[in-house]
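Single-letter residue listing:
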Amino acid sequence: MRAQLAKAVYFGRNGMEPILVLATIAALRLFGLSGDTPLWMIGTLLAVGAVWQQPAVQHRLSGGIHGGRLWARIGLHVLQTTAVMYMTGWGALLAVAHLHVFTLYLKEDGSRSWRPLAVSSAVSIALGELSFSYGILHGYLPRPQSHGISMLIALGTLTTARVLGQATRQRERAESALRASEERFRTLLRDGSDVITVSAADGTVTYVSQAIAQVMGYFPNDVTGRRLREYVHPDDLLADAELHERVLASDGAQEHTAELRYRHADDAWHWHEVILRNMLDNPQVAGVVGHHRDITERRAVQDRIAHAAAHDGLTGLANGPTLNRDLERALGQGTRYQHPVGMLFLDLDGFKLVNDTYGHDVGDRLLSTVADVVRRTVRDTDTVGRLGGDEFGVVLTRVGGADEAMSVAQRIIEGIEGNASVAGLKLDVGCSIGVALALPGGSDAKTLMRHADAAMYRSKRRARNGYQLYEEEDVTAPWLT
């Protein structure tokens, strides 16, 4: 019973207009204003119209295709409506009925329905007026007035249908363009390689694109509601905070970029290029929009290039310019924090004989061994560099005095003497080291390196496997003055 009642309500809702028209005609008949056509004939046509308007019927009549058989459907519907109006004797007032039919099809089938309606309306009005002229039907208006009003109504229906059709067509085009734009946007968000986020002012993520699954290994729900700074490397938290301060202090016209490390789902740290824009004042966004791109491979290439430019290709030690730069930095810190800086110049003894006897391959392997010995002997804060050939330099960033610097030199000598072998071949190699010390503010990098070099040459002249501290009376090598 309830199901049948629901069907009746559904039928009545979709066929309400013909039912109301039948009730109106019945009321007019009481006053003799609805023609002399039997009411059952008019009721039958209106019942057909009510059935005709049902969505399921329209779907079948269209062949299941949106907008299908439009001319036939509209034409028959208009003809049925016209017949009812002329049977009541008010055929000249068809405009309201035809425009009502037009709105039904305009809503369901769009702007394409205006031409079938205009043509069907003109044809049906012409047929109605012919039936009126030949006395088949009668009307309440005199014949000339009826023909004139019918022509005006036909013209009004045509122009109104055309205007509404064109307006609907423009709206359809705009909606189609908007749907296409939205689909492109959704496709970019879904298939793009960048992770797009929208965050509140406090950094809480309110939206994240599907790309986060491919880029970082998280599901969007894993990140939404959390702060992205929870995934930032501890060493980059300060840079992340500074970036967000800049973003919040700017407007949506500015982009702010930083390179930060983020923890991915596999617990590995990846470098991201982060581009943020403040769209908090935009009601359509109401957040900080971020683009995150994984640049780990690019950073690795950059780091390799930078490392190659700053280090010796054979030993991996700092090259001459890098050693000089680190020495200048150490001297600046020594002046600021009031501590001495040491400089060691190291030259191998007997290296040329090794090269001549065993070849350059053995010589290169010996240089790599020496580099490892020196690197292990000094602290991580010190810098070891290869200056060319068999010469090395060491910057001691913080030393207690000359005794500590000479102690380091002695350990280097002992380390080389005990490890001067390649592939089990013991090599007769030693080294001479020059030691120079700079008190806070007492020397520049160029002078300190010249002093260490001069001390190294004096050590070579004295004996093998020794070191010499630079003193003012030392004679500087003439080619370095």
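For the structure itself, look to the data block above.
Residues numbered from 1 in each chain as written. Predicted model: local features only at pLDDT ≥ 70, side-chain atom pairs only at ≥ 80, totals over all residues. Heavy atoms only, no water.

Novice: I'd like a rundown of the sheet that holds strand β11 (residues 430-438), residues and numbers included.
Specialist: Strands sit in the order β7-β8-β6-β11-β12 across an open sheet of five strands; the sheet is mixed. Among the strands making up the open sheet, the edge pair consists of β7 (383-388) and β12 (466-469). With direction set aside, neighbouring strand axes in the sheet form an average angle of 20 degrees. Note that strand β6 (residues 341-349) and β11 share nine bridges and pair antiparallel. Bridge pairing links D349 to G430 in β11. Where helix α13 (residues 320-337) meets the sheet, its contacts fall on β6, β7, β8 (391-396) and β11, and the angle it forms with β7 comes to roughly 140 degrees. (Pairing = 2+ DSSP bridges. Helix = DSSP H or I, 4+ residues; strand = E, 2+ residues; numbered from the N terminus. Axes fitted to C-alpha atoms, helices over the stretch in contact; angles between N-to-C directions. Contact = heavy atoms within 4.5 Å.)

Novice: Could you give an account of the packing of aromatic side chains, naming the residues involved and the relevant values?
Specialist: Throughout the structure, instances matching the rule amount to one aromatic pair. The residue whose ring lies beneath R299 is W271, and the NZ or CZ to ring-centre distance is 3.7 Å. (Phe/Tyr/Trp six-rings, centres within 6.5 Å; stacked < 30°, edge-to-face > 60°. Lys NZ or Arg CZ within 6 Å of the ring centre and 35° of its normal.)

Novice: Describe the sheet that holds strand β3 (residues 256-263), and please don't skip the residues or the numbers.
Specialist: Hydrogen bonds along the backbone pair up the strands of a sheet, which may run parallel or antiparallel. Within the open sheet, the five strands sit side by side as β2-β1-β5-β4-β3. Their pairing is antiparallel. Every other strand in the sheet has two partners, leaving β2 (205-208) and β3 as the edge strands with one partner each. Adjacent strand axes in the sheet meet at a mean angle of 30 degrees when their direction is disregarded. Across the sheet, helix α11 (residues 237-248) is in contact with β3, β4 (269-279) and β5 (287-294); its angle to β3 comes to roughly 145 degrees. Sheet strands touched by helix α12 (residues 296-310): β3, β4 and β5. Its angle to β4, the strand with the most contacts, is close to 115 degrees.

Novice: Please provide a residue-by-residue account of helix α15 (residues 360-377), values included.
Specialist: For α15, spanning 18 residues, the distance from its first C-alpha to its last is 26 Å, which sits close to the expected 26 Å at 1.5 Å a residue. Looking at α15, one finds that the buried residues are V362, G363, L366, L367, V370, A371, V373 and V374. Elements in contact with the buried residues of α15: β6, α14 (351-358), β7, β8, α16 (402-419) and β9 (421-422). (Expected span 1.5 Å × (residues − 1). Buried < 20%, exposed > 50% of the residue type's maximum accessible area, 1.4 Å probe, protein only.)

Novice: Summarise the side chain of S250; cite the residues concerned and give the values.
Specialist: With respect to the helices and strands, S250 occurs in the loop between α11 and β3. A distance of 2.9 Å separates polar atoms of two side chains, one belonging to S250 and the other to H256. Here S250 is in contact with H256 and N278, once residues within four sequence places are set aside. (Polar contact = N/O pair within 3.5 Å; in protein donor to acceptor, adjacent residues only side chain to side chain.)

Novice: A description of the nonpolar core should follow, citing residues and the corresponding values.
Specialist: One finds L346, L348 and I433 to be the most contacted residues of the largest nonpolar core, which totals 34 residues. Sequence-distant contacts of L348, defined by excluding residues within four places in its chain, comprise L367, V370, D390, I416, V429, G430, C431 and K460. Counting residues in hydrophobic clusters, the runner-up holds 20 residues, among them V205, M216, Y218 and Y231. (Core = buried A, V, L, I, M, F, W, Y, C linked by side-chain atoms within 4.5 Å.)

Novice: Give a description of the packing of α15 against α16 that names residues and reports values.
Specialist: At their nearest, the axes of α15 and α16 sit 9 Å apart, and the two run at 145 degrees to each other. Remark: the crossing between α15 and α16 carries right-handed chirality. Along its contact with α15, which presents T369, V370, V373, V374, R376 and T377, the element α16 presents V408, R411, I412, G415, I416 and N419. Partitioning the contact of α15 with α16 into residue classes produces six nonpolar, four polar and two charged. (Left-handed = near helix turned anticlockwise from the far one by under 90°. Nonpolar A, V, L, I, M, F, W, Y, C, P; charged D, E, K, R; others polar.)

Novice: Requested: an account of the pattern of salt bridges, with residues and values cited.
Specialist: For the coordinates displayed, the defined rule picks out 19 salt bridges. Here R246 ties to E242 by a salt bridge, and the two come within 2.7 Å at their closest N and O atoms. One end of the pair is R246 and the other is E242, both in helix α11 and four residues apart, which spans about a single turn. Overall, the relative accessible area of 30% leaves R246 in the partly exposed class. Of the residues examined, E242 reaches a relative accessible area of 38% and is grouped as partly exposed. Its salt-bridge partner being R379, residue D382 comes within 2.9 Å of it at the nearest N-O pair. By relative accessible area, which is 9% here, D382 ends up buried. Residue class for R379 comes out partly exposed when judged on its relative accessible area of 34%. (Salt bridge = Lys/Arg side-chain N within 4 Å of Asp/Glu carboxyl O.)

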